[in-house]
Amino acid sequence: MKKFAWVAGAALLLAACGGSQDTRVPVALGSLVSPASAPWLQVEQDTQDVEVRGLEDSLTLKPTPPVSEVLQARLRQALEGSYFTDLVVQCEQVFAEMRVDSEATPASVTLELGTHCAIHARGLGSDKTYHVSPSMPAPARADYAKALSSLLATGADDIAWQLRADVDATPH
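Just so it is clear, the structure is predicted and the values come from calculations on it, not from any experiment.

### Details of the overall build of the chain
Point 1. When helices and strands are counted, the chain shows three helices and eight strands.
Point 2. Each helix (α) and strand (β) of the chain, taken in turn from the N terminus, gives the series α-β-β-β-β-α-β-β-β-β-α.
Point 3. Here the chain holds 172 residues, and 40% of them are scored as buried.

See the structure below:
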């Protein structure tokens, strides 16, 4: 009986505080993935949810295909013309998280996107971590799935630009 009273009291307390909802939203990112023929560039594949921080309730975006696959496709497309004999680029540790700043005027949303890449060419190699933080005004009707799609395209293209500069600077 005591246990029941404790559980009931905890439930009432949560209800009085408004509780916290954990919402999971699927995000279709297939439009960001296009075929490219750059098998010399690989991004370690990892199924990763994207947490949206800064909201009252917990929101998790579940991208399909995963962020790592979108990043790989965007990098391959952008760097396809930079290939030279014996070039291999391997990226891993893809990180993605969204943050909402409702205190900003207007409110904004930022994607923290990063990866660590190794560039190998004819026995020479370099390692570097790439990180970008694209942002935009907070989406109407809290459409964070659409914001993720837009920010991921921008962020992946920004990383591709940085990576391309490093590949072009690699002796070959």
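### Some points on the pairing of strand β5 (residues 87–101)
Point 1. Across three bridges, the pairing between strand β2 (residues 41–43) and β5 is parallel. From the neighbouring strand, V43 faces β5, where its bridge partner is C91.
Point 2. Two strands pair when backbone bridges link them, and strand β3 (residues 50–53) and β5 are joined in this way by two bridges, in the parallel orientation. Opposite V52, over in β5, you have M98 as the bridge partner.
Point 3. Judged from the 13 bridges that link them, β5 and strand β6 (residues 108–121) form a sheet pairing that is antiparallel. Bridged to R99 within β6 is T110.
Point 4. Hairpin connection from β5 to β6: six residues lie between these consecutive antiparallel strands.

### Here's the deal with the pattern of salt bridges
Point 1. Considering all chains together, one arrives at seven salt bridges under this definition.
Point 2. Of the charged contacts in the structure, one is a salt bridge between D157 and R74, with a shortest N-O distance of 2.7 Å. With D157 in helix α3 (residues 144–169) and R74 in helix α2 (residues 67–79), this pair connects stretches of sequence that are 83 residues apart.
Point 3. Judged by relative accessible area, D157 falls into the partly exposed class, the value being 34%.

### Thoughts on the nonpolar core
Point 1. Among the nonpolar cores identified, the biggest contains 44 residues, and L61, L75, V89, M98 and L163 are the most heavily contacted of them.
Point 2. Beyond its immediate sequence surroundings of up to four residues, M98 is in contact with V50, E51, V52, R53, L61, V109, T110, L111, Y144, A147, L148 and L151.

### Brief notes about the side chain of T115
Point 1. Take T115: it is sitting in strand β6.
Point 2. Among the polar contacts listed, one links the side chain of T115 to the backbone oxygen of E92, at a separation of 2.8 Å.
Point 3. Contacts of T115, omitting those with residues within four sequence positions, involve L71, C91, E92, Q93, V94, K128, T129, Y130 and I159.

### So, the packing of aromatic side chains
Where two aromatic rings form a pair, the distance of their centres and the angle of their planes describe that pair.
Point 1. Applying the stated rule across the entire model yields one aromatic pair.
Point 2. Here the aromatic rings of W40 and Y83 are separated by 5.3 Å at their centres, their planes lie at 40°, and the arrangement is tilted. Placement of the pair is W40 in the loop between β1 (22–28) and β2 and Y83 in the loop between α2 and β5, with a sequence separation of 43 residues.
Point 3. You can call Y83 partly exposed: its relative accessible area is 43%.

What counts and what doesn't
- Residues numbered from 1 in each chain as written.
- Predicted model: local features only at pLDDT ≥ 70, side-chain atom pairs only at ≥ 80, totals over all residues.
- Heavy atoms only, no water.
- Helix = DSSP H or I, 4+ residues; strand = E, 2+ residues; numbered from the N terminus.
- Buried < 20%, exposed > 50% of the residue type's maximum accessible area, 1.4 Å probe, protein only.
- Pairing = 2+ DSSP bridges.
- Salt bridge = Lys/Arg side-chain N within 4 Å of Asp/Glu carboxyl O.
- Core = buried A, V, L, I, M, F, W, Y, C linked by side-chain atoms within 4.5 Å.
- Contact = heavy atoms within 4.5 Å.
- Polar contact = N/O pair within 3.5 Å; in protein donor to acceptor, adjacent residues only side chain to side chain.
- Phe/Tyr/Trp six-rings, centres within 6.5 Å; stacked < 30°, edge-to-face > 60°.

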